[in-house]
Amino acid sequence: MAAEVVVIGSGPGGAVTAMLCAEAGKSVLLVEEGKNLPLQWPAHFSSDEILHKYRNAGVSIAVGSPHIAYVEGRCVGGGSEINRGLYHRTPAYVLDQWRTEFNVRDLSLDILVPHFTACEEIARVEYLPGEASLLSMRLYEGASNLGWRVVEAPRLYRYAGGGSKQSMSETFVPRFLEAGGRLIADTSVRRLSRTGGKWRMEAKHASPEASSQAIEIFADKVFLACGAVQTPALLRRSGLRKNIGNSLRFHPMLKVVAEFDDDINVPGDFDPVHQVKEFEPHFGMGCSISNRPMLALAMATRADSFALVEHRWRRMGIYYVQTTGGCALVRNAAPFRDPFVRVWHSDYQLREYADGMKRLAEVLLAAGATAIYPTAPGYPVLRSMADVRKLPETLPRGSGNLTSVHIFSSCPMGENEALCATDSFGRVHGADGLYISDASLLCGPTAVNPQGTVMAIAHRNATRAIENGFH
Ligand SMILES: Cc1cc2nc3c(=O)[nH]c(=O)nc-3n(C[C@H](O)[C@H](O)[C@H](O)COP(=O)(O)OP(=O)(O)OC[C@H]3O[C@@H](n4cnc5c(N)ncnc54)[C@H](O)[C@@H]3O)c2cc1C
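Residues numbered from 1 in each chain as written. Predicted model: local features only at pLDDT ≥ 70, side-chain atom pairs only at ≥ 80, totals over all residues. Heavy atoms only, no water.

### Observations concerning the side chain of serine 108
And then number 1: Structurally, serine 108 is set in the loop between α4 (92-102) and α5 (109-122).
And then number 2: Not counting chain neighbours up to four residues away, the residues in contact with serine 108 comprise Leu95 and Arg99. (Helix = DSSP H or I, 4+ residues; strand = E, 2+ residues; numbered from the N terminus. Contact = heavy atoms within 4.5 Å.)

### Some thoughts on the site of the ligand
And then number 1: Residues in contact with the ligand amount to 37 residues; listed here are only the nearest, Glu32, Gly79, Leu86, Ala439 and Gln451.
And then number 2: Contacts to the ligand include glycine 79, whose backbone N or O atom sits 2.8 Å from an oxygen atom.
And then number 3: In the complex, 93% of the free accessible area of the ligand, which totals 1000 Å², lies under the protein chains.
And then number 4: Those elements giving two or more residues to the shell around the ligand turn out to be α1 (12-23), α3 (79-82), β10 (187-195) and α13 (451-467). (Near = heavy atom within 4 Å. Polar contact = N/O pair within 3.5 Å; in protein donor to acceptor, adjacent residues only side chain to side chain. Areas by Shrake-Rupley, 256 points an atom, 1.4 Å probe, with all protein chains shown as cover.)

### Some thoughts on the domain arrangement of the protein
And then number 1: Taken domain by domain, the protein holds domain 1 (2-36 + 85-123 + 166-244 + 410-467) and domain 2 (134-161 + 252-404).
And then number 2: Computed from C-alpha atoms alone, the centre-to-centre distance between domain 1 and domain 2 is 31 Å.
And then number 3: Counting residues at the interface gives 23 residues for domain 1, matched by 19 residues for domain 2.
And then number 4: It is Leu86, Gln166 and Arg236 in domain 1 that bury the most area against domain 2; as a group they hold 28% of the surface buried on that side.
And then number 5: Where domain 1 meets domain 2, there are one salt bridge.
And then number 6: When the shortest N-O distance is used, the salt bridge between glutamate 33 and arginine 337 registers 3.4 Å.
And then number 7: Breaking the side of domain 1 that touches domain 2 down by element, the ones donating at least two residues are β10, α8 (230-237) and α13. (Domains from an automatic or database assignment. Buried area = accessible area lost by both parts, 1.4 Å probe. Salt bridge = Lys/Arg side-chain N within 4 Å of Asp/Glu carboxyl O.)

### Brief notes about the packing of aromatic side chains
And then number 1: As enumerated under the stated definition, the model contains nine aromatic pairs in all.
And then number 2: Residues tyrosine 157 and phenylalanine 270 carry aromatic rings whose centres are separated by 6.2 Å and whose planes lie at 90° to one another, so their mutual orientation is edge-to-face. Here phenylalanine 270 lies in the loop between β14 (253-259) and β15 (274-276) and tyrosine 157 lies in strand β7 (residues 155-158), a separation of 113 residues in the sequence.
And then number 3: The class of tyrosine 157 is buried, set by a relative accessible area of 10%.
And then number 4: Aromatic side chains tyrosine 435 and phenylalanine 470 sit 6.4 Å apart centroid to centroid with 85° between the ring planes, which places their arrangement in the edge-to-face category. Taken together, the residues tyrosine 435 in strand β23 (residues 434-436) and phenylalanine 470 in the segment after α13 connect sequence positions 35 residues apart. By the burial criterion, tyrosine 435 is buried, and phenylalanine 470 matches it. (Phe/Tyr/Trp six-rings, centres within 6.5 Å; stacked < 30°, edge-to-face > 60°. Buried < 20%, exposed > 50% of the residue type's maximum accessible area, 1.4 Å probe, protein only.)

And the structure:
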């Protein structure tokens, strides 16, 4: 199999890149490890969705004290298929910090605006047409009562006609195919090498039931877009290691279940959209999907969880505080297929997690919560600010239940040779014609939901590569 350009991974970074290259007239092959499934099947937030569209059925751990349980998409469209599509452009201060610390050329909000706009036109970004769900409004009211800054996040969503998500499989991938691009799903690239002036990729069918025969793919240019853990793992397997997989970052989350006096959890309501911005960039807060199975899972560390959820789920919602802590290494651990991820947290970050948890409890009490059940084991039920003040000043290292759905920064871009894996536009150092175009490139946490940043940076870099004739 051969193409001028091969893009590996079809999440937001890969799908944007593949579409631009195909529309520029290149012959492009998009290779995706996961299956090509419709956005509507399995149902969003169902257990079948977790089985079919999440890597390892949603169980991946960054080992540390505490661990972080993180989640990756594994299907055509990657994380965009399973996420909620809460959308933000990157804050200017985040880009300014990356430009200064990592010496990234041509990076500012002004420079990225045309790229945000171009992506937003294809993957539509909309605000709710009416009032938000009661779960969402409770957070809004609590923050307003305290005088804290709170916003409605727009979503990659089309609200008309009952509502539908705007994922890569609905937007960029169809345009890529219309432009003549070829997609092969259910195929995992295991290794890259350079031979005869071309890139050679060794790939295999990903499903156990499919043929185990090796597939060889050749290309002039390769864009890696396997996500922030799989991209460095593939590069390191292929012998490329400089500043690769040394700086994986997260948005670690701590969650609580809040119980109110009245029914706030109404099946069929639109997903919650309010976010508390008062403490950014240290931490932000929001409301998670709070259906009965998710509530049962969130309460699983409590002995009385089943009875509580069974009887009171209509009065309960799951809320989170999301920080920017943790830094991890990604390493291959032969003979295992999955890379090993090791995370460290500084004492400062542990204090920030604990502070975030207290602020989350404060806003929920101000919203009228009568009981708050932290999901971290060993934490007591909170019913008043007096209870909140008794919480530890720092998250105990042995305490678990940090989770993350936002991962990035394992191969940062920029001209700072001590830190960066690629140049300012995603070209891997010392590897002619090899680019990275996914969340790995981001120089650090975005503080806001990251998909908008991933798409805009991929759009900026692919546009530049095409304009420069890939030189
Ligand atoms: C549950 C969840 C909720 C989220 N919520 C939001 C949100 O509301 N808003 C927001 O902005 N962001 C959200 N995110 C984050 C967002 O989805 C990611 O930032 C984004 O998807 C990252 O894009 P990417 O292109 O870097 O990688 P990914 O989306 O991870 O795509 C990588 C793709 O590469 C494929 N792949 C990996 N290895 C190989 C290989 N060796 N060969 C072939 N293919 C390979 C994978 O199967 C995957 O499909 C969420 C993420 C998750 C998981």
